[in-house]
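# Residue-level structure breakdown
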Amino acid sequence: MNNYNVREFTQNQLDKYLLKLGVSAEISLGLLSDFGVNIDVADPFFDDAYEINVKNKKGYIAGTNERSILFGVYRLLSEWGITFVRPGKDGTVYPESCTASDIYVSEKAAMRHRTMCIEGAVSLENVLDMIEWMPKVGFNSYYIQFSVPHEFFDRWYSHMRNPHKTPEPYDVEKTVEYMDIMTQEIKKRGLLLHTMGHGWTSGPFGVSGYGWYKQESFPKEYVDICALVNGERKVWDNSPLSTQLCYSNPYVRNTMVKAVIDYIHEHPWADVVHFWLGDWFCNTCECPECRKGTYSDHYIRMVNDITDTVAKEGLKTKIMFLLGYDTSHPPMLTDIKNQDNTMFLFAPICRNYHSTFPSEYRLFDIPEYKTNGFSPKECNSVDKNLAYLYAWKKKYDGDCVDFDYHLMWDHLLDAGGEGISRIISTDIKHLGGLGMNGYISCQLQRNAFPTSLAMTVMAKTMWNDKAEFEDIRRNLYAASFGEDSVELLCEYFSALSEAFNIGIVRCQKEYDKDEYRKKVERAVELMENFGKEIEKHKHLRDECQRKSWEYLEYHRNAYIPVGKQILARLDHNKELSEKYAAEAGDYIMRNEDAVQPVVDTMYFDRIIKTRVNVVDESEFEGV
């Protein structure tokens with residue numbers, strides 16, 4: 001891997017954007033120490049801070065590390081009128097004129113870990129656009145899942161679920177090539193790189209683990225080390241990634257530990273390596289040795305073996321382990337060693353997204369541990385999830401990060417994008433009080449439909465946990481659509497989010513059906529009549545703003561049938577609701593080329609057809 005000159009890249013970025021602004025300035029770049037500046041941080045490698053001191057277009061930008069200098073450059077450019085609205089070549093808004101006012105800013109990020117994680121269906125361009133946009137809004141790291149993230153690219157290039165597009169030739173070798181390009185772009189910006197996670201239960205044993213693919217057959221020697229469940233060893237659901245192994249088996253344990261250490265030596269540019277086990281629950285090994293202690297005891301023994309070697313060899317790589325599914329219960333018999341070399345991942349995959357994290361723990365007790373006794377119902381609320389975290393934190397005092405899914409699935413139900421954005425704002429503000437020092441967003445990369453509000457709120461609140469949601473919202477709408485449309489769009493998107501309330505659409509909370517129907521009917525009417533507003537803005541001077549209005553046209557046409565789908569569900573008309581769901585999915589697929597950068601059409605089609613519940617399915621009986 002090439003050693004990139006991050007400072008040179010940062011200087012080029014400054015020069016490039018000053019030229020676009022028509023500003024000539026003398027601004028020096030360097031570390032804090034280069035300018036005799038001190039901002040107190042615990043770890044200058046991981047912690048980001050900068051000072052900007054520019055007067056009469058002369059001064060300096062200093063950071064705790066090389067990427068922090070880049071963050072400072074983008075902050076200066078933002079203060080001088082540039083807004084990085086969304087990823088992509090049409091995602092930046094420039095001021096009509098720049099006054100280049102004096103600026104002094106000295107601040108550090110509220111959260112150490114501000115990470116974007118690849119998910120969804122993506123092209124190489126989608127991922128590179130995201131990597132380019134991230135530091136402009138404050139993300140400091142990127143997480144590439146798997147040894148190579150094949151499934152995410154394969155989904156796009158095979159055009160999964162889209163009957164209107166022809167699958168393109170694509171293979172793992174191409175993903176390996178893309179992985180190298182991604183890594184270079186990440187490191188060129190000085191960003192931190194997270195890798196792996198999935199795949200440790202397959203790859204070290206010669207079984208492919210590039211995604212959640214199912215396979216027809218497996219070597220006997222692999223099946224023989226799979227978890228013993230109900231008296232049988234087998235590959236769970238024919239998916240290696242879903243399968244647990246017999247972790248008390250010395251061969252399994254030693255092979256996995258060696259694989260992680262070998263990976264670290266072969267990938268020294270990986271700053272954080274995630275060490276996860278199987279990706280499903282209630283398939284833990286029930287052999288006599290594995291029954292000694294909790295599932296997490298066997299897990300942490302391997303983590304300790306890995307970090308013992310990391311510490312002994314003086315390696316800088318951090319090992320990330322997680323709380324999720326069968327590791328929800330902490331170890332009973334094993335202490336977590338080498339906490340300086342580890343990070344702890346809280347992955348509340350079973351939570352809902354209509355309620356927020358509290359500012360402090362409210363539940364403190366968890367059910368008694370039983371082998372293969374985990375139930376998603378035990379983690380279907382925020383507080384239930386946090387109770388498990390509370391139990392773990394009695395044993396672990398190191399870096400703890402929320403690995404969450406706000407922008408993975410349910411956000412596609414929130415047509416206005418404001419409901420999930422408010423949840424994100426509050427959740428991030430409350431992480432510190434719950435003992436977490438960062439956030440990893442496991443999310444679709446194409447995620448600005450109708451706006452990038454959720455991602456922007458996420459980034460800006462991780463940098464400044466005092467940031468006001470209302471300020472972010474209004475500023476983003478002004479940049480995206482024009483200052484004169486802010487009030488109109490605040491009302492429009494707010495009405496849509498009230499109607500497409502995630503908790504109600506998922507049938508996860510009680511509501512008044514008559515009142516709710518009125519909100520949905522109003523939202524559908526608003527979208528049907530909004531075409532005339534869009535028409536007024538077809539000829540805006542700014543390319544980014546013009547494109548934002550164009551996306552709104554596709555957005556309203558996609559969500560009008562979803563609104564009608566909800567109304568049909570309220571009427572217990574399942575056949576009609578499915579008709580509207582098919583109409584929405586077909587529309588978004590037929591127009592995929594036009595909206596590809598801003599919405600993951602594969603997931604839109606999937607979520608609209610599977611998660612618009614509104615009423616309990618049992619209510620359809622006899623209809």
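Everything here concerns the structure above.
All values derive from a computational prediction rather than experimental measurement. (Residues numbered from 1 in each chain as written. Predicted model: local features only at pLDDT ≥ 70, side-chain atom pairs only at ≥ 80, totals over all residues. Heavy atoms only, no water.)

### Comments concerning the pairing of strand β13 (residues 318–323)
- In terms of residue burial, β13 counts as a mostly covered element, since 6 of its 6 residues are buried.
- Alternating residues of β13 divide into Lys-318, Met-320 and Leu-322 and Ile-319, Phe-321 and Leu-323, and every residue in both groups is buried.
- Direction of pairing for strand β12 (residues 272–275) relative to β13: parallel, over a ladder of 3 bridges. Note that in β13 the partner of His-274 across the bridge is Met-320.
- In this fold, β12 hands off to helix α8 (residues 295–312), which returns the chain to β13; that crossover is right-handed.
- Of the pairings in the sheet, the one linking β13 to strand β14 (residues 342–346) comprises 5 bridges and is parallel in character. Across the sheet, residue Ile-319 finds its bridge partner in β14, namely Thr-342. (Buried < 20%, exposed > 50% of the residue type's maximum accessible area, 1.4 Å probe, protein only. Helix = DSSP H or I, 4+ residues; strand = E, 2+ residues; numbered from the N terminus. Pairing = 2+ DSSP bridges. Right-handed = clockwise from strand over helix to strand, strands pointing away.)

### Some words on the environment of Val-520
- Of note, Val-520 is situated in helix α15 (residues 513–529).
- Accessibility expressed as a relative area gives 1% for Val-520, which makes it buried.
- For the pair formed by Val-520 and Gly-563, sequence separation is 43 residues and the distance between their alpha carbons is 6.3 Å.

### Digging into the packing of helix α12 (residues 469–481) against helix α13 (residues 486–499)
- Running from N to C, α12 and α13 cross one another at 115 degrees; their axes reach a closest spacing of 9 Å. It follows from the interaxial angle that α12 and α13 lie roughly perpendicular. Taken as a pair, α12 and α13 cross one another with a handedness that is right-handed. When α12 is examined against α13, the residues Arg-473, Arg-474, Tyr-477, Ala-478 and Phe-481 are found in contact with a partner set consisting of Val-486, Glu-487, Leu-489, Cys-490, Phe-493 and Ser-494.
- Residue composition of the contact of α12 with α13, by class: 7 nonpolar, 1 polar and 3 charged. (Axes fitted to C-alpha atoms, helices over the stretch in contact; angles between N-to-C directions. Parallel < 35°, antiparallel > 145°, perpendicular 65-115°, else oblique. Left-handed = near helix turned anticlockwise from the far one by under 90°. Contact = heavy atoms within 4.5 Å. Nonpolar A, V, L, I, M, F, W, Y, C, P; charged D, E, K, R; others polar.)

### A closer look at the sheet that holds strand β15 (residues 399–404)
- Strand order in this closed barrel of 8 strands is β7-β8-β9-β12-β13-β14-β15-β16, and the pairing throughout is parallel. On average, each strand axis in the sheet is tilted by 25 degrees relative to the strand beside it, whichever way the strands run.
- Relative to strand β8 (residues 141–145), strand β7 (residues 113–117) runs parallel, the two being bridged by 3 bridges. The partner of Met-116 across the bridge, within β8, is Tyr-142.
- Set on the sheet, helix α7 (residues 250–266) makes contact with β9 (192–197), β12 and β13; between it and β12 the angle comes to about 165 degrees.

### Re the environment of Ser-208
- Along the chain, Ser-208 turns up in the loop between β9 and α6 (220–223).
- Taking the C-alpha atoms as reference points, Ser-208 and Leu-14, 194 residues apart in sequence, are found 44 Å from one another.
- The contacts of Ser-208, once residues within four sequence positions are left out, are Ser-202, Gln-215 and Pro-240.

### Section: the nonpolar core
- Counting 204 residues, the largest nonpolar core has Tyr-142, Phe-153, Met-256, Phe-275, Phe-403 and Tyr-559 as its most contacted members.
- It is helix α17 (residues 543–570) that contributes the most residues to this core, 12 residues altogether.
- The residues contacting Tyr-559, other than those within four sequence positions of it, are Leu-412, Ala-415, Phe-449, Phe-500, Met-527 and Phe-604. (Core = buried A, V, L, I, M, F, W, Y, C linked by side-chain atoms within 4.5 Å.)

### Things to note about the pattern of salt bridges
- Throughout the structure, instances matching the rule amount to 46 salt bridges.
- Of the charged contacts, one joins Asp-605 and Arg-161 as a salt bridge, the two residues approaching to 2.8 Å between their closest N and O atoms. In this pair, Asp-605 sits in helix α20 (residues 601–610) while Arg-161 sits in the loop between α4 (150–157) and α5 (172–188), placing the two residues 444 residues apart along the sequence.
- Its relative accessible area of 5% is what places Asp-605 among the buried residues.
- Overall, Arg-161 belongs to the partly exposed group, its relative accessible area being 40%.
- A salt bridge links Arg-446 to Glu-592; the shortest N-O distance between them is 3.7 Å. On the criterion of sequence distance, the pair formed by Arg-446 in the loop between β16 (438–442) and α11 (453–463) and Glu-592 in helix α19 (residues 592–595) is long-range, its members being 146 residues apart. (Salt bridge = Lys/Arg side-chain N within 4 Å of Asp/Glu carboxyl O.)

### Some points on the side chain of Gln-145
- Relative to the helices and strands, Gln-145 is located in strand β8.
- A polar contact of 2.9 Å, which involves the side chain of Gln-145, links it to the backbone oxygen of Ile-118.
- A polar atom in the side chain of Gln-145 sits 3.1 Å from the side chain of His-198.
- If near-sequence neighbours (up to four positions away) are discounted, Gln-145 is found in contact with Cys-117, Ile-118, Glu-119, Phe-152, Met-196, His-198, Trp-276 and Cys-442. (Polar contact = N/O pair within 3.5 Å; in protein donor to acceptor, adjacent residues only side chain to side chain.)

### Details of the state of the cysteines
- Per the counting criterion, the structure on display carries 0 disulfides.
- Cys-98 takes part in no disulfide bond, and the closest cysteine sulfur, belonging to Cys-544, lies 17 Å away.
- Between Cys-490, a free cysteine, and Cys-544, which holds the nearest cysteine sulfur, the sulfur-to-sulfur gap is 17 Å. (Disulfide = S-S within 2.5 Å.)

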